Amino acid sequence: MSTLCAPLRPENERVFFAGVAVVPECCAQGRRAASWRESGAEWVRPLIERQDWGEDWPEGEVPGRRWVIDFPPGADERALAEAGELGRLFQRSGGRIARSGPAAELRIALAKCDRCLAAPAGCLRARWRWVPSAALPGTGLVVAVRDDEFLAGVLASVWPAVWLRGTGLRLGAGALRRFPLPWAPDTPRGTLSREQEERRWAVVQAWRAAGGGTRDLEPGGFASQDLSAAVAAAYGWPAGIEQAEALGLLLAMG
């Protein structure tokens with residue numbers, strides 16, 4: 001199965017994004033980054049990158065090794081002028097304000113929440129971690145712009161990897177925009193049935209018990225099994241469902 005057989009889901013397109021490429025000259029670390037932050041903190045934000053997944057950092061923070069000059073989609077020439085040397089460096093380096101397309105949509109979505117989920121793209125199963133929305137996710141990451149522990153639990157379960165293997169896809173924004181979730185990520189809580197709410201809460205509890213993204217899940221471990229079982233119940237599947245049967249049900253969801 002290919003992406004041609006896995007249709008895009010409009011409700012997912014508002015949630016999943018690819019990390020953005022930044023101009024290297026607009027990135028800095030150490031003293032230079034500190035100087036940038038002192039002179040124009042409004043236009044300088046931490047850059048979170050794939051290599052940061054090899055480190056631990058406190059929830060609500062990012063490693064902060066690299067910082068990037070970045071302007072929101074609504075910025076104009078006046079904002080560049082007000083940024084002084086940072087604005088001039090941004091322009092000289094070939095930086096462009098993303099005014100439309102996925103890069104602009106990602107920045108707009110990040111501005112509406114306090115934190116989001118991110119994971120390294122390209123694998124089958126990855127560690128999803130909370131990232132403050134003030135940080136800019138860089139190339140090589142896939143981002144779920146939702147502060148939603150239920151969604152985090154679904155993504156951290158085994159079932160996305162089962163679906164990815166079955167479709168021949170790899171983890172990324174394009175794939176997750178096609179992935180069938182138990183229900184649309186923007187479904188209002190008040191519209192969930194009592195059973196759905198109970199199953200949702202079971203996933204949240206299992207996600208928290210598994211570390212809530214603070215550590216890698218051991219494949220086949222108790223925490224991983226409990227989380228995947230809770231997510232299977234959210235889909236309405238029978239207890240102890242085999243991966244092959246679950247894949248068939250996921251594919252049947254379109």
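This text follows the structure it describes.
Here the structure is a predicted model, which is why all the values come from computation and not from measurement.

Topic: the pattern of salt bridges
- In this structure the tally under the stated criterion is 19 salt bridges.
- Note that Arg65 is salt-bridged to Asp52, the shortest N-O span being 2.7 Å. Note that Arg65 is positioned in the loop between β3 (44-48) and β4 (66-69) and Asp52 in the loop between β3 and β4, a separation of 13 residues in sequence.
- Look at Arg65 and you get partly exposed, because its relative accessible area is 35%.
- With relative accessibility at 2%, the residue Asp52 sits in the buried group.
- A salt bridge links Glu198 to Arg194; the nearest nitrogen and oxygen atoms lie 3.5 Å apart.

Brief notes about the sheet that holds strand β8 (residues 141-144)
- Taken in spatial order, the four strands of this open sheet run β1-β8-β5-β6, and their pairing is antiparallel. On the outer flanks of this sheet lie β1 (16-18) and β6 (129-132), each paired with one strand and no other. Between one strand axis and the next, the sheet turns through 35° on average, direction left out of account.
- Where strand β5 (residues 115-120) lies against β6, four bridges are found, and the strand directions are antiparallel. Paired with Arg115 across the two strands is Pro132, which belongs to β6.
- On the sheet, helix α6 (residues 149-156) packs against β1, β5, β6 and β8 and is oriented at approximately 10° with respect to β5.

Cut-offs used in this document
- Counting restarts for each chain, with residues numbered from 1 along the sequence as it is written.
- Only residues with pLDDT of at least 70 get local features here, since the model is predicted, and only at 80 or more are side-chain atom pairs given and counted; chain-wide, interface and lining totals rely on the full set of residues.
- Side-chain calculation: all heavy atoms of the structure are included, whereas hydrogens and water are not.
- Note on definitions: salt bridges are taken to be side-chain nitrogens of Lys or Arg within 4 Å of carboxyl oxygens of Asp or Glu.
- Helix and strand definitions here come from DSSP, where helices need a minimum of 4 consecutive H or I residues and strands a minimum of 2 consecutive E residues; each element is numbered from the N-terminal end.
- Think of it in three bands: with a 1.4 Å probe and only protein chains considered, a residue is buried below 20% of the maximum accessible area for its type, exposed above 50%, and partly exposed in between.
- Strands are treated as partners if at least two bridges between them are detected by DSSP.
- Axis geometry follows a simple rule: fit a line to the C-alpha atoms, using only the stretch in contact for helices, then measure angles between N-to-C directions, giving values from 0 to 180 degrees.
- We call two residues contacting when some pair of their heavy atoms lies within 4.5 Å.

Geometric descriptors of this kind do not, in isolation, establish any biological role.
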